[in-house]
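Residue-level structural notes
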Amino acid sequence: MAAAGPSVFLLMVNGQVESAQFPEYDDLYCKYCFVYGQDWAPTAGLEEGISQITCKSQDVRRALVWNFPIDITFKSTNPYGWPQIVLSVYGPDVFGNDVIRGYGVAHVPLSPGRHKRTIPMFVPESTSKLQKFTRCVHLCRCIAE
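Chains are numbered independently. Their residues run from 1 in the order of the written sequence. Predicted model: local features are reported for residues with pLDDT of at least 70 only, side-chain atom pairs are reported and counted for 80 or more only, and whole-chain, interface and lining totals are derived from all residues. Side-chain numbers come from the whole structure's heavy atoms, not from hydrogens or water.

Some points on the sheet that holds strand β7 (residues 98-107)
Paired through their backbone hydrogen bonds, the strands of a sheet run either parallel or antiparallel. Pairing is antiparallel across the open sheet formed by four strands, whose spatial order is β4-β2-β6-β7. With partners counted over all chains shown, the strands left at the sheet margins are β4 (48-50) and β7, one partner each. Mean inter-strand twist for the sheet, computed between neighbouring axes without regard to direction, equals 15 degrees. Taken together, the three bridges between strand β2 (residues 29-35) and β4 define a ladder with antiparallel strand orientation. Bridging from a neighbouring strand, Cys 33 pairs with Glu 48 of β4. Being paired, for any two strands, means DSSP has found at least two bridges between them. Comment: elements are numbered from the N terminus, with helices defined as DSSP H or I runs of at least four residues and strands as E runs of at least two. Note on definitions: angles span 0 to 180 degrees between N-to-C directions of axes, and those axes are lines fitted to C-alpha atoms, for helices only across the stretch in contact.

Things to note about the confidence of the model for the protein
The score called pLDDT rates the predictor's confidence residue by residue, from a low of 0 to a high of 100. Confidence in the prediction of the protein, expressed as mean pLDDT, is 87, and 83% of residues score 70 or more. Of all secondary-structure elements in the protein, the lowest mean pLDDT belongs to helix α1 (residues 129-133), at 56, while strand β3 (residues 40-45) reaches the highest, 97.

What about the packing of aromatic side chains?
Stacked, tilted and edge-to-face pairs are distinguished by plane angle, under 30 degrees for stacked and over 60 for edge-to-face with tilted covering the rest, among Phe, Tyr and Trp rings (Trp via its six-membered ring) whose centres lie within 6.5 Å. Evaluated as defined, the whole model comprises eight aromatic pairs. Within the aromatic cluster, the residues linked to one another by ring pairs are Phe 9, Tyr 32, Phe 34, Tyr 36, Trp 40, Phe 68, Phe 74 and Trp 82. Throughout this description, the term charge over a ring refers to an Arg CZ or Lys NZ atom that lies within 6 Å of the ring centre and within 35 degrees of the ring normal. Positioned above the aromatic ring of Tyr 90 is the side chain of Lys 31, whose terminal nitrogen or guanidinium carbon lies 4.9 Å from the ring centre.

Focus: the environment of Gly 102
Tracing the sequence through the fold places Gly 102 in strand β7. For every residue, the accessible area obtained with a 1.4 Å probe (protein chains only) is divided by the maximum for its type, and the residue is called buried under 20%, exposed over 50%, and partly exposed between those limits. Take Gly 102: its relative accessible area is 0%, and that puts it in the buried class. Considered as a pair, Gly 102 and Phe 122 are 20 residues apart in the sequence and their alpha carbons are 5.1 Å apart. Among all residues touching Gly 102, those that are not within four sequence positions of it are Phe 22, Leu 87, Ser 88, Val 89, Met 121, Phe 122, Val 123 and Pro 124. Residue contacts are counted whenever heavy atoms from the two residues lie within 4.5 Å of one another.

Below, the structure is given as structure tokens:
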């Protein structure tokens, strides 16, 4: 009788990066990538992506709406190193160069079903005293199904 190999399980992530709030910025885009442990391997879908550039909405929220789809399937033999999604938001500076405006990370939900996450976005600290003074907290909203 042949020895059975290690059993695997699959994790399917299907959702979207819905929107973000960066009150002092406009014309931003979002990048995502997944990080995971050594026992994990993507079997279908994209590990990373980049959204379109969006402008603030005209409603009261002044949200930056991407509705950026995410679809990936992983396989693993071990839950150690459970996948995380890393979001980075970029936009132009006063000279038109793309600079990072914030980044955040969240674990993929452990249970099946519809999940909505609001991910705090951390902003790189500037060396300029003026930019330090105008710094604030940003949020990005993700939906996983």
